Amino acid sequence: MTEKVIALEKRDGPFQAVLQRVMRMVPGQEKGDKQLQRLLAFRLQVDGEAETIEYLMRHVRDYIQCNFAGSLYTFLTTTDRAKEEACVSVPLDPNPPDTA
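Just so it is clear, the model here is predicted, and its values are computed rather than measured.

## Structural notes on the packing of aromatic side chains
Right, on to step 1. Going through the model one piece at a time under the given rule, you end up with 3 aromatic pairs.
Right, on to step 2. Considering the side-chain rings of Tyr63 and Phe68, the 6.3 Å spacing of their centres and the 50° angle between planes classify their relative orientation as tilted.
Right, on to step 3. For Tyr63, a relative accessible area of 8% translates into the label buried.
Right, on to step 4. Here Phe68 and Phe75 contribute two aromatic rings whose centre-to-centre distance is 5.2 Å and whose plane-to-plane angle is 70°, an arrangement assigned as edge-to-face.
Right, on to step 5. Using a relative accessible area of 12% as the deciding quantity, one classes Phe68 as buried.
Right, on to step 6. Ring pairs connect the aromatic residues Tyr63, Phe68 and Phe75, which therefore count as one cluster.
Right, on to step 7. A cation over an aromatic ring shows up here: Arg43 above the ring of Tyr55, its NZ or CZ 3.7 Å from the ring centre.

The following block contains the structure:
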């Protein structure tokens, strides 16, 4: 079963450069998450760089808008229904600032 785990350390060359480009899109506190790195490496291997970047951009935006309490990896691997339940609704300011 360990053969199915993507060993990031053993992937050299262009793959590491592509993975590093994708990882620049990950929020700062999440960059060291090895599970997230493996998930993105898998997506890169299966879908390619452009699709992985599109996938990540869409989900990072949703992660931020949702104000999800867990990690980005957990957000990416959670079902849509569970995400809806876990999202913290941010109340709108009843007195928004005046516009010029």
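Further notes follow.
## Points about helix α3 (residues 49–66)
Right, on to step 1. For α3, spanning 18 residues, the distance from its first C-alpha to its last is 25 Å, which sits close to the expected 26 Å at 1.5 Å a residue.
Right, on to step 2. Residues Thr52, Tyr55, Leu56, His59, Val60, Tyr63 and Cys66 constitute the buried set of α3. One face of α3 carries all of its buried residues, which in axial projection span an arc of 130°. Of the exposed residues in α3, the ones pointing more than 90 degrees away from its buried face are Ala50, Ile64 and Gln65.
Right, on to step 3. On the buried face of α3, the contacting elements are α1 (14–23), α2 (34–47), α4 (72–76) and α5 (80–86).

## Considerations on the confidence of the model for the protein chain
Right, on to step 1. Taken over all residues, the pLDDT of the protein chain has a mean of 81, while the share at 70 or more is 75%.
Right, on to step 2. Within the protein chain, the lowest mean pLDDT, 78, falls on α5, and the highest, 92, falls on α4.

## Overview of the packing of α1 against α2
Right, on to step 1. One can describe the packing of α1 onto α2 by two numbers: an axis separation of 10 Å at closest approach and a directional angle of 120°. Relative to α2, α1 is oriented so that their crossing is right-handed. For the pair formed by α1 and α2, the contact residues are Phe15, Val18, Leu19, Val22 and Met23 on the first element and Gln37, Leu40, Ala41 and Leu44 on the second.
Right, on to step 2. Along the lines of polarity and charge, the residues of the contact of α1 with α2 split into 8 nonpolar, 1 polar and no charged.

Rules of the game
Every residue gets a number counted from 1 within its own chain, in the order that chain's sequence is written. In keeping with the predicted nature of the model, local features appear solely for residues at pLDDT of at least 70, side-chain atom pairs appear and are counted solely at 80 or more, and the whole-chain, interface and lining totals rest on all residues. Side-chain metrics rest on all non-hydrogen atoms present in the structure, leaving aside hydrogens and water. Stacked, edge-to-face and tilted labels apply to pairs of Phe, Tyr and Trp rings (six-membered ring for Trp) whose centres lie within 6.5 Å, assigned for plane angles under 30 degrees, over 60, and everything in between, in that order. Buried, partly exposed and exposed residues are distinguished by accessible area as a fraction of the type maximum, computed with a 1.4 Å probe on protein chains only: under 20%, between the cut-offs, and over 50%, respectively. Here, over-ring charges are defined by two tests on the NZ atom of lysine or the CZ atom of arginine: distance to the ring centre within 6 Å, and angle to the ring normal within 35 degrees. The numbering of helices and of strands both runs from the N terminus, where a helix is a DSSP run of H or I of at least 4 residues and a strand a run of E of at least 2. The span one expects for a helix is its residue count, reduced by one, times 1.5 Å. To obtain the arc, one takes the directions from the helix axis to the C-beta atoms. Contacts were defined at the residue level, with two residues in contact if any of their heavy atoms lie within 4.5 Å. What pLDDT reports is the predictor's confidence in each residue, on a scale of 0 through 100. The convention used is that axes are lines fitted to C-alpha atoms, helices contributing only their stretch in contact, and that angles between N-to-C directions extend from 0 to 180 degrees. Two helices that cross are described as forming a left-handed crossing if the nearer one is turned anticlockwise from the farther one by less than a right angle, and a right-handed crossing if clockwise. Three classes are used, and their members are as follows: Ala, Val, Leu, Ile, Met, Phe, Trp, Tyr, Cys and Pro are nonpolar, Asp, Glu, Lys and Arg are charged, and the others, Gly among them, are polar.

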